[in-house]
Amino acid sequence: MNSLSDGPKAEAITVVLVEDDAPTLWRLQDALAKAGYQVRAAGTLAEARACLAQGAPKVLLTDLQLPDGHGVDLIRETRRRFPDTEIMVISILGDEESVISAITVGATGYLLKDAFPTDIAATVRDLVAGHSPISASIARFIVRRTQSTPEPPPGPALNTTKLTPREIDILWGIAKGFSYAEIASHLGLSRQTVPGHIKSIYRKLEVHTRGEAVFEAVQQGLIKL
Amino acid sequence: MNDHGDDVQPELRGRARRRLRSSRLIQYLLLQAAITVAGVAVLLQSLPGPPTQYQVTAFQLTEAGAERAVTLPYFSPLRNAMNDPPRFRGHFVRPAGEASRAWSVFLPRFTNGVEVTVNDVVILDSRRDPAANRPDRNTPAIAVIPASVLRDGDNAISIRLFIWGPITGFLDRIWVGPDEALRPTYNLRTLVFVTLPVVFSSWQAILAVILGIMWVMRRHEPAYGVLAAAMAVGVGQAFLQTPMDETPFSRFNVILISSAPIESALVLVFALLLSGWKWQRYAWIIFIPGIALALAGLFGNQALVRALFLILAVPMVGISLLIMAVVTARSALQRQNVASFLLGCAVTIMLTCWIVDLLSVFQMMPNRIFTARLSYSAMLVAIGAGLTWRFARALNQVDGFAGRLVTQVREAEEKLKASFAREEERARAAALARERTRLMRDLHDGLGGQLVSIVALSERGNGSAGIGDAARAALKDLRLVIDSMDDIGGDLMLALGSWRERAMAQLRPHDIALDWRAVTAQGLPVHPELRPWHVIQIVRLLDEAVTNAVKHAEARRITVRIETLVDADGLERGCITVEDDGRGFEIAPDGGAAGAAKTARGLRNMRSRAARCGAELELSSSAQGTHKGTRVRLTLPHRFPDSDGAAG
């Protein structure tokens, strides 16, 4: 999100944009269209499903509160049908309540609704280039969950047991506001490997199936068999 | 240590223990021997007598029909001589000119009764004095001779000695002389042999009451009950009278004779119980002599009782004393028990007196002063002292226990308080998190969405960029409020991380670079006392600094330095510096900015925010030179204040 990179030409890149608030939808659509993306807009869950029926998009940007359903279901379906599609949540506040639940079903980061048009385009470009953005507040939420507490902290459920110590160190660095370069030098990594680690973190936080969810619940001691 | 060490060590320890025990035994025995020697030395001292010039010792004795000359003191071989008592006839001389002074006859010691006649007039019959009738008491007798009976020169004195057992008769030397010369000796003997026993008997009565109450309150300790019974028997024995005449009640009086064996049996049982012995049924044999004597008193005659007294009561007392000496010695040595030790010493004193008394009965002593009963007072003193000692020790134990209890309760209370505080803190954090979630949802559903719409609409209209900026600023502030409510565990760096993102998003459209420098590796120290309102003040202060740089300074680059400073006392303090390369401004003498009123207000806000958090704010700005620009330096406190009271 904070790194601008020169991606490939954007003509062929399709973006499905799901947002029920019309002015916000226009705004985002404008920003993306001006950057050269091919945008399919939808205002409801049903419209979004119709858009997806036309074929796999490269990117799915979706709001969570939709008039006829929840964006989380859309993300889960898309992730299952089109594993190569990059998914991002459109959020007003970038709060973990909405973002984490989206991450656990396959989203990779979020886009703020009031972001400047240039930032919107840059974020999508980075996403397509394989750079998954992660914000300091989301990193903070994840690393706070890795610390052992006597009772489960409030907020959405999150399983961090699969994260490696190195990945947790990277998250700490991001949460404290360090740049990728600073984190890499602190941890003795190459700067280029940090986005890969972040992608891996997103994948590890994802709960793929119902069976896996049960297994993880047992692992965490939430369920006793 | 080799393989044999484990076998050798206990043996060595056992030997050391045996050596210690035997040395203690020797010490104890030596002490008891010293007590015995001292006791004998005291008993051999003869009591002071009146001037020897008034002593009358040469008498003509008529005994069992035979008449002969004797010198007092005289031991009669008879055990019973009531109808034909031995009669002593003698003379004394009253010098001329003594008529003005009262003359008396003083008989310091006799068994069992005397009748004194001067010049054929009876002046004293001791049988009417119950105390004098008891052979175990050394009651003296004195009688003033009526002046009319006396004459100058030679006077006749005659003494009849009544003997009724159980021991043989005895008459000590007598004195006849001025009353003032004889009376002091008489008074001394009365004090020692009459008054003192009464005092001790009173003491015994008090002990009986105390021990009785103790036993009633502590029924599981029968030792106290037994001792109370012994004391009660002793008191009854001391204060009940024994008339000489055969009356219908004299049979009951005769029970008193059995008091000595019963009392000694009770005291023996007490000593056994005190040493940890458990009551056994066969132990009733201890009481057989006493009961036999009592039955004999009820159903037999006095002669039988007196005969039995010698063969039952006296040995019973001695045997009891011997057993007690062994038991108390063992108890004193094994348990290192002060009460047993005192009792042991008292038993030694009593045993010594008992043996001396026995020798005196068998006429192996020059005189006949019985001290066994008197020495019983040593036992009473020991019992009183032992009781007090046990009571004091029990009180100390209670105090110690109470003290321990108080400490434990205090510790438990502190633990509970700490756990309450922890629980409260956790509940507070949970409540805050719940509130934050609720607020977030509300803002998400309402205000947030509306603000986003305003931003979008203002951008479409193109003519109202100010509205869009304001809406965007409102959204930014909303995010800050939500963010600062998150539990960051006292690590301000986590709040600064989010702030950096927001600041970068704010600066990007203005093409201002944000240079982020964490000078020290860990960034800022962790403050467990950090609260959301501290965070919001600090972040808004930093926002203000950045906004000033954007709006007024025309800066191209903003540098944020984060470091931990260690002051002279070794205390760590965080320090955040925001520096721009903008125009700078003149700082007025009052600390505010000269010129622009808006900037001045911004600076005042920053100062107030810093003061509320207990932080120090340092502002420097220069409009010219190579180092032009503004620098805001915020030094965080070592400990954040609990309340907002520092607002200024």
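What counts and what doesn't
Residues numbered from 1 in each chain as written. Chains lettered and ligands numbered in written order. Predicted model: local features only at pLDDT ≥ 70, side-chain atom pairs only at ≥ 80, totals over all residues. Helix = DSSP H or I, 4+ residues; strand = E, 2+ residues; numbered from the N terminus. Buried ≥ 20, exposed ≤ 12 C-beta atoms within 10 Å, placed from the backbone. Contact = placed C-beta atoms within 7 Å. Pairing = 2+ DSSP bridges. Nonpolar A, V, L, I, M, F, W, Y, C, P; charged D, E, K, R; others polar. pLDDT = per-residue confidence, 0-100. Axes fitted to C-alpha atoms, helices over the stretch in contact; angles between N-to-C directions. Parallel < 35°, antiparallel > 145°, perpendicular 65-115°, else oblique. Left-handed = near helix turned anticlockwise from the far one by under 90°. Arc of directions from axis to C-beta.

Here the focus is the overall build of chain B. Tallying secondary structure elements over chain B gives 13 helices and 19 strands in all. A total of 648 residues make up chain B; the buried ones form 36% of that total. In chain B, 73% of the contacts between residues at least 6 apart in sequence involve partners at least 24 apart.

For the rest of this paragraph, the subject is the overall build of chain A. Within chain A, the secondary structure is distributed over 10 helices and seven strands. Buried positions account for 47% of the 225 residues belonging to chain A. For chain A, long-range pairs separated by at least 24 residues make up 63% of all intrachain contacts whose partners lie at least 6 apart in sequence.

All names here are of chain B. Read from one edge to the other, the open sheet built from three strands follows the order 4-13-8, with strand pairing classed as antiparallel. For this open sheet the edge positions go to strand 4 (74–75) and strand 8 (110–111), each flanked by a neighbour on one side alone. Note: strand 8 against strand 13 (residues 170–171), two bridges, orientation antiparallel. Residue pairing for strand 13: Phe 110 is matched across the bridge by Leu 171.

Residue and element names in this part refer to chain B. With respect to topology, four strands assemble into an open sheet ordered 1-14-7-11, the strand pairing being antiparallel. If you trace the sheet from one side to the other, it starts and ends with strand 1 (55–56) and strand 11 (141–145), each paired once. Note that strand 7 (residues 103–107) and strand 14 (residues 174–178) share four bridges and pair antiparallel. Across the sheet, the residue bridging to Trp 103 is Pro 178, located in strand 14.

This part takes up the interface of chain A and chain B. The interface of chain A with chain B comprises 26 residues on the first partner and 36 residues on the second. Sort the elements by how many residues they give to the side of chain A that touches chain B and helix 1 (residues 22–34) of chain A lands first, with four residues. A breakdown of the residues in the side of chain A that touches chain B according to their chemical character gives nine nonpolar, eight polar and nine charged.

What follows deals with the confidence of the model for chain A. Averaged over every residue, the pLDDT of chain A is 81; the share at 70 or more is 83%. Note that residues 1–10 of chain A has pLDDT below 50 and, in this model, 18 contacts with residues that lie over four places away or in other chains.

Attention now moves to the packing of helix 5 (residues 259–274) of chain B against helix 6 (residues 288–299) of chain B. Residues and elements named next belong to chain B. Put simply, helix 5 and helix 6 touch, their axes get as near as 8 Å, and they point 160° apart. Between helix 5 and helix 6, the angle falls in the class roughly antiparallel. Crossing angle aside, the handedness with which helix 5 passes helix 6 is left-handed. Of helix 6, the residues touching helix 5 (which contributes Pro 261, Ile 262 and Ala 265) are Pro 289, Gly 290 and Leu 293. Residue composition of the contact of helix 5 with helix 6, grouped by class: five nonpolar, one polar and no charged.

Moving on to helix 2 (residues 45–53) of chain A. Residues spaced three or four apart along an α-helix point in a common direction, a consequence of the helix completing one turn every 3.6 residues. Residue and element names in this part refer to chain A. Taken as a whole, helix 2 has its buried residues at Leu 45, Ala 48 and Leu 52. Seen along its axis, helix 2 keeps its buried residues to an arc of 60°; they face one direction. Seen from the open side of helix 2, the exposed residues pointing more than 90 degrees away from its buried face are Ala 50 and Ala 53. Elements in contact with the buried residues of helix 2: strand 1 (14–18), strand 2 (38–42), strand 3 (59–62), strand 4 (65–66), strand 5 (69–70) and helix 3 (71–81).

Quick look at unusual backbone geometry now. Residue and element names in this part refer to chain B. In the segment running from Leu 72 into Pro 73, the intervening peptide bond is cis, with an omega of 0°. Position of Pro 73 relative to the elements: it lies in the loop between strand 3 (66–71) and strand 4. Between Thr 111 and the following residue, Asn 112, the backbone shows a cis peptide bond with an omega angle of 0°. Relative to the assigned elements, Asn 112 resides in the loop between strand 8 and strand 9 (113–118). Positioned with a positive phi, Asn 119 is a non-glycine residue whose angle comes to about 50°. Within the secondary structure, Asn 119 sits in the loop between strand 9 and strand 10 (121–125). Given 16 C-beta atoms within 10 Å, Asn 119 falls into the partly exposed group. A positive phi angle is found at Asp 120, which is not glycine, with a value near 65°. Mapped onto the elements, Asp 120 comes out in the loop between strand 9 and strand 10. Residue Asp 120 is classed as exposed on the basis of its C-beta count, with 8 C-beta atoms lying within 10 Å.

All names here are of chain A. Their axes nearest at 10 Å, the elements helix 7 (residues 165–175) and helix 8 (residues 180–187) cross at an angle of 135°. Relative to helix 8, helix 7 is oriented oblique. For helix 7 against helix 8, the interelement crossing comes out right-handed. From helix 7, Arg 166, Asp 169, Ile 170, Gly 173 and Ile 174 reach across to helix 8, where they touch Glu 182, Ile 183, His 186 and Leu 187. Taken together, the residues of the contact of helix 7 with helix 8 sort by class into four nonpolar, two polar and three charged.

Right, let's get into the pairing of strand 17 (residues 572–580) of chain B. Residue and element names in this part refer to chain B. Inspection of the sheet shows strand 16 (residues 557–566) paired to strand 17 by nine bridges, in the antiparallel sense. Residue pairing for strand 17: Val 566 is matched across the bridge by Glu 572. The pairing of strand 17 with strand 19 (residues 629–635) spans five bridges and is classified as antiparallel. Bridging from a neighbouring strand, Glu 579 pairs with Arg 631 of strand 19.

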